[in-house]
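Observations on the model geometry
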Amino acid sequence: MEQELRDLRYLSKTYAQVQTLMPRINEQALIAEHRKQERKKASGVDGVTKDEYGENLSDNIADLLNRMKTFGYKPCPVRRTYIPKANGKMRPLGIPSYEDKLVQGVMAEILTEIYEVRFSDSSYGFRPKRSAHDAIRYIDHIIMTKKVNYVLEADIKGFFDNVSHDWLMKFLAHDIADKNFLRYIKRFLKGGVMDGTERQKRHLTISDSRSTTRRRREANIG
């Protein structure tokens, strides 16, 4: 797995567009993602837990891969739930079905490897081994050692509710040439949301299962 990730980083750094990504969503990657899942996590609309899926793991993974190859795999709507915020309001949280968690996890790892080598070194949001504390240390270093005229802080309100899916797909297509990989990302974007018993058009992105509880904040210094 680690060698495959290193190869992916090399390809992304060497070529303008990365191709042939779907074969990376394979049995080994999906089983590894299954092992990462926490047992006590809430289930999605399918009601399937990690233990239940793992009872026939090999058969379940083989069936999932077969459906993906024939494009019979369609993401389920995410189950909408709400968690309280510090200001008294409620934050919406999307809980995918179990198979969707596995596919999303593998695809998110692939996307991370593609874009890590393309991001600016001063970017800290949603990156592995980087945190808000690292961003604050970087800002502190810049302010204390360089000439700074202003500091601008911006917080995007409801980003996942308002992001343009068309533009998101255009940005991805600029770097990714595997049309089938992009096709499945688009399916996730259109998967829909189950809010109670009501199905709604989906506005959240593929990162729901990993980052809806994390806030995105960027600080620009000039």
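Just so it is clear, the structure is predicted and the values come from calculations on it, not from any experiment.

This next bit is on the overall build of the chain. Of the regular secondary structure elements, the chain holds ten helices and six strands. When burial is assessed residue by residue, the chain has 35% of its 222 residues classed as buried. Counting contacts in the chain only where the partners sit at least 6 residues apart, residues at least 24 apart contribute 71% of the total. Approximately 13900 Å² of the chain is accessible, and the part contributed by carbon and sulfur atoms is 51%.

Moving on to the confidence of the model for the chain. Per-residue confidence for the chain gives a mean pLDDT of 87; residues scoring 70 or more make up 90%. In the model of the chain, strand β6 (residues 218-221) stands out as the element of lowest mean pLDDT, 37, in contrast to helix α4 (residues 57-69), which has the highest, 98. Predicted confidence for residues 203-222 stays below pLDDT 50, and this span has 57 contacts to residues more than four positions away or in other chains.

Looking now at the nonpolar core. With 33 residues, the main nonpolar core has Ile25, Leu30, Ile176 and Phe181 as its most contacted residues. Elements that contribute at least two residues to this core include exactly α2 (27-36), α4, α5 (98-116), α8 (165-175) and α9 (179-189). With nine residues, the single largest contributor to this core is α5.

Considering the arrangement of structural elements, one finds Asp100 in helix α5. Look past the residues within four positions of Asp100 in its chain and what remains in contact with it is Tyr73, Pro75, Cys76 and Phe188.

Below, the discussion takes up the sheet that holds strand β1 (residues 78-84). Taking strand neighbours across the sheet as the criterion, the four strands line up as β2-β1-β4-β5 in an open arrangement whose pairing is mixed. The sheet is open, and its two borders are formed by β2 (90-95) and β5 (198-200), each paired with just one other strand. On average, each strand axis in the sheet is inclined to that of its neighbour by 40°, with strand direction left out of account. Relative to β5, strand β4 (residues 193-195) runs antiparallel, the two sharing three bridges. Among the inter-strand pairings, Met194 is bridged to a residue of β5, identified as Arg199.

What follows covers the pattern of salt bridges. Taken as a whole and judged by the stated rule, the model has ten salt bridges. Residue Arg9 pairs with Glu113 through a salt bridge whose shortest N-O separation is 2.4 Å. With Arg9 in helix α1 (residues 2-14) and Glu113 in helix α5, the pair connects residues that are 104 residues apart, well separated along the chain. Relative accessible area serves as the criterion here: at 11%, Glu113 is assigned to the buried category. For the salt bridge of Arg137 with Asp134, the shortest nitrogen-to-oxygen distance reads 2.5 Å. With Arg137 and Asp134 both in helix α6 (residues 132-145), this residue pair falls three residues apart, about one helical turn. In this structure Arg137 comes out as exposed when scored by relative accessible area, which is 53%. One continuous salt-bridge network, built from bridges that share partners, spans Glu33, Lys36 and Glu109.

Let's shift gears to empty space enclosed by the protein. All told, the structure shown has two cavities of 30 Å³ or more when counted by the stated rule. Considering only enclosed or pocket space, the largest cavity measures out at about 70 Å³ in volume. Lining the largest cavity are Met1, Glu4, Leu5, Leu8, Arg24, Ala29, Val106, Glu109 and Ile110. Where the lining of the largest cavity is concerned, the elements lending two or more residues are α1 and α5. Its residues assigned to classes, the lining of the largest cavity shows six nonpolar, no polar and three charged. In this structure, the second largest cavity spans a volume of roughly 60 Å³. For the lining of the second largest cavity, the per-class residue count stands at three nonpolar, three polar and five charged.

Calculation criteria
Residues numbered from 1 in each chain as written. Predicted model: local features only at pLDDT ≥ 70, side-chain atom pairs only at ≥ 80, totals over all residues. Heavy atoms only, no water. Helix = DSSP H or I, 4+ residues; strand = E, 2+ residues; numbered from the N terminus. Buried < 20%, exposed > 50% of the residue type's maximum accessible area, 1.4 Å probe, protein only. Contact = heavy atoms within 4.5 Å. Areas by Shrake-Rupley, 256 points an atom, 1.4 Å probe, with all protein chains shown as cover. pLDDT = per-residue confidence, 0-100. Core = buried A, V, L, I, M, F, W, Y, C linked by side-chain atoms within 4.5 Å. Pairing = 2+ DSSP bridges. Axes fitted to C-alpha atoms, helices over the stretch in contact; angles between N-to-C directions. Salt bridge = Lys/Arg side-chain N within 4 Å of Asp/Glu carboxyl O. 1 Å grid on protein atoms, 1.4 Å probe; cavity = no way out; pocket = protein on both sides within 12 Å on 5 of 7 lines; lining within 4 Å. Points joined across faces, edges and corners; volume = space filled by probe spheres on them. Nonpolar A, V, L, I, M, F, W, Y, C, P; charged D, E, K, R; others polar.

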